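Close look at the chain arrangement
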Amino acid sequence: MTLRETLHGRLSLPAIAAPLFIISVPDLVVAQCCAGIVGSMPSLNARPASQLDEWLCEIEERLAAHDAAHPGRPAAPYAINLIVHRSNERLEHDLGVVERHRVPLVITSLGARPEVNDTVHGYGGHVLHDVINQRFAHKAVEKGADGLVLVAAGAGGHAGSLSPFALVGETRAWFDGPIALSGAIAHGSAILAAEALGADFAYLGSAFIATAEARAEADHKQMVVDHAAEDIVYTDLITGVHGNYLKPSLVRAGIDTANLAAQEAAKMDFGGNRVKKWKDIWGSGQGIGAVRSVQPAAALVERLRAEYAAARRRLGAASPLVHPAWGG
């Protein structure tokens, strides 16, 4: 089965929750899946490495219990994010756990690896690889990814700089497989906009920081609620890869946000010391102006569903600015 076939009729919204480093844990993944969107987490959030197997067992047991209690409304599948960069010394271990659990969807980041794709395909799973431009998109597909996460300008964490209009349009010119679009999506109308551009799914992350189930500090959650797009800084200073961060957290960490170019950027490293680097510097995308409060993940998904439905109704007819003589 293709990924589209696997997910057909199993979602309440065409949406995938992005894996949030440190923040996404089983409570959040289960809440997202039970609310009808694909829930996900990075494998590296489980520490020590042995905890990953325990967490996947927990997720699967809780989702099975939900399905038994709600046979007419089964949970959406879950996904695990694997950092496939060479500096991730846990990749082989984590991939083995993913294979044993037959994780239905794997999201790979930072360097497409055909051997990872082959392993996932071997048990019938699907792979989405996240990319920021056409060069990386072509490489990912050539190396066996089933679909792409297009990380456009405004996305939280490691992000690209291209407009979603250009990124989706140029990708759809040559690729007809599954596409998820990331970049400042925190409102139901933005999910519909992603579909209108040609994506199959919206890819949402930052809004889920401000949820009850998220393993984020209370100050981080409130910072997301209290700030908006103009409070986001785009820099490679933190990890060596460009990303978006909450300006107040950078300032609090002693970083001069007015003079970023003069400071030494980190070398790309996704090994064991990565947690320390991110502990007090908080990533977030530009869509957080739509986040008004800290709430359960199910309530956030319900808000998104209501906004998505309202946007579909509003756009059911031609724009009032279009003269009817031009037809449809």
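To start, this report covers the structure provided alongside it. (Residues numbered from 1 in each chain as written. Predicted model: local features only at pLDDT ≥ 70, side-chain atom pairs only at ≥ 80, totals over all residues. Heavy atoms only, no water.)

Residue position: A79 is located in strand β3 (residues 78-83). Classification of A79 as buried rests on a relative accessible area of 0%. Distance in space between the C-alpha atoms of A79 and A112 is 17 Å, their sequence separation being 33 residues. Setting aside chain neighbours within four positions, we find A79 in contact with V38, G39, S40, M41, V103, L105 and I107. (Helix = DSSP H or I, 4+ residues; strand = E, 2+ residues; numbered from the N terminus. Buried < 20%, exposed > 50% of the residue type's maximum accessible area, 1.4 Å probe, protein only. Contact = heavy atoms within 4.5 Å.)

In spatial order, the strands read β7-β11-β10; together these three strands make up an open sheet with antiparallel pairing. Looking at which strands have only one partner, the edges of the open sheet turn out to be β7 (157-158) and β10 (232-235). As defined by bridge partners, β7 adjoins strand β11 (residues 243-246) across two bridges and the pair is classed as antiparallel. By the bridge assignment, G157 is partnered in β11 with N244. (Pairing = 2+ DSSP bridges.)

Turning our attention to the sheet that holds strand β2 (residues 39-42). What links the strands of a sheet is backbone hydrogen bonding, and the strands pair in either a parallel or an antiparallel sense. Reading across from one edge, β1-β9-β8-β6-β5-β4-β3-β2 is the order of the eight strands in this open sheet, with parallel pairing throughout. Strands with a single pairing partner mark the edges of an open sheet, and in this sheet they are β1 (15-17) and β2. Pairs of neighbouring strands in the sheet enclose a mean axial angle of 25°, with direction left out of account. By the bridge criterion, four bridges tie β2 to β3 in an arrangement that is parallel. Residue pairing in the sheet places M41 in a bridge with I80 of β3. (Axes fitted to C-alpha atoms, helices over the stretch in contact; angles between N-to-C directions.)

Our focus in this paragraph is helix α5 (residues 114-122). Residues V116, N117 and V120 constitute the buried set of α5. Looking straight down α5, one finds its buried side chains confined to an arc of 95°; they lie on one side. Those residues of α5 that are exposed and angled more than 90 degrees off the buried face are D118 and G122. Buried residues in α5 make contact with β3, α4 (91-101), β4 (105-109) and β5 (126-131). (Arc of directions from axis to C-beta.)

As a further point, take the packing of α4 against α5. With their axes 10 Å apart at the nearest point, α4 and α5 run at an angle of 15° to one another. As the angle between them shows, α4 and α5 are arranged roughly parallel. In this structure, the crossing between α4 and α5 has a hand that is right-handed. Across the interface between the two elements, L91, L95 and E99 of α4 pack against V116, T119 and V120 of α5. In the contact of α4 with α5, the residues fall into four nonpolar, one polar and one charged. (Parallel < 35°, antiparallel > 145°, perpendicular 65-115°, else oblique. Left-handed = near helix turned anticlockwise from the far one by under 90°. Nonpolar A, V, L, I, M, F, W, Y, C, P; charged D, E, K, R; others polar.)

Now for the pairing of strand β6 (residues 147-151). The buried fraction of β6 is high, at five of five residues. Burial along β6 is two-sided: G147, V149 and V151 facing one way and L148 and L150 facing the other are all buried. Pairing analysis gives four bridges linking β5 to β6, with the strands arranged parallel. Along β6, the bridge assignment pairs H129 with L148. In this fold, β5 hands off to helix α6 (residues 134-142), which returns the chain to β6; that crossover is right-handed. (Right-handed = clockwise from strand over helix to strand, strands pointing away.)

Our focus in this paragraph is helix α2 (residues 26-34). Because each turn of an α-helix spans 3.6 residues, side chains separated by three or four positions in sequence point in the same direction. Counting buried residues in α2 gives seven out of nine residues, a clear majority hidden from the surface. Within the sequence span of α2, burial applies to P26, L28, V29, V30, A31, Q32 and C33. On the buried face of α2, the contacting elements are β1, β2, α3 (51-69), β3 and α12 (297-314). Following α2 by one or two positions, G36 has its phi on the positive side, about 100°.

Attention now moves to the environment of A306. Following the sequence through the fold, A306 ends up in helix α12. Separated by 277 residues in the primary sequence, A306 and V29 place their C-alpha atoms 21 Å from one another.

Turning to a positive patch on the surface, a few remarks are in order. There is a patch of like positive charges on the surface, built from R86, R135, K139 and K143. One can find K139 in helix α6. Residue K139 is classed as partly exposed on the basis of its relative accessible area of 38%. (Patch = residues over 30% accessible without salt bridge, like charges linked within 9 Å, V, L, I, M, F, W, Y side chains within 5 Å. Areas by Shrake-Rupley, 256 points an atom, 1.4 Å probe, with all protein chains shown as cover. Salt bridge = Lys/Arg side-chain N within 4 Å of Asp/Glu carboxyl O. Lys, Arg positive; Asp, Glu negative; His and termini not counted. Charge placed at Lys NZ, Arg CZ, Asp CG, Glu CD.)

Before going further, it helps to spend a moment on the nonpolar core. Membership of the largest hydrophobic core comes to 51 residues, with the highest contact counts inside it found for L13, L150, L181, I185, I191, L204 and F208. If you tally residues by element for this core, the top one is α12, at six residues. Among all residues touching L13, those that are not within four sequence positions of it are G36, I37, I191, V301, L304, R305 and Y308. Counting residues in hydrophobic clusters, the runner-up holds 26 residues, among them L63, I80, L91 and V127. (Core = buried A, V, L, I, M, F, W, Y, C linked by side-chain atoms within 4.5 Å.)

In contact at an axis separation of 6 Å, helix α8 (residues 188-197) and α12 are set at 55° when each is read in the N-to-C sense. Taken together, α8 and α12 sit at an angle that is classed as oblique. Seen along the crossing, α8 lies across α12 with a hand that is right-handed. Across the interface between the two elements, G188, S189, I191, L192 and E195 from α8 touch L304, E307, Y308, A311, R312 and R314 from α12. Per-class residue counts for the contact of α8 with α12 are five nonpolar, two polar and four charged.

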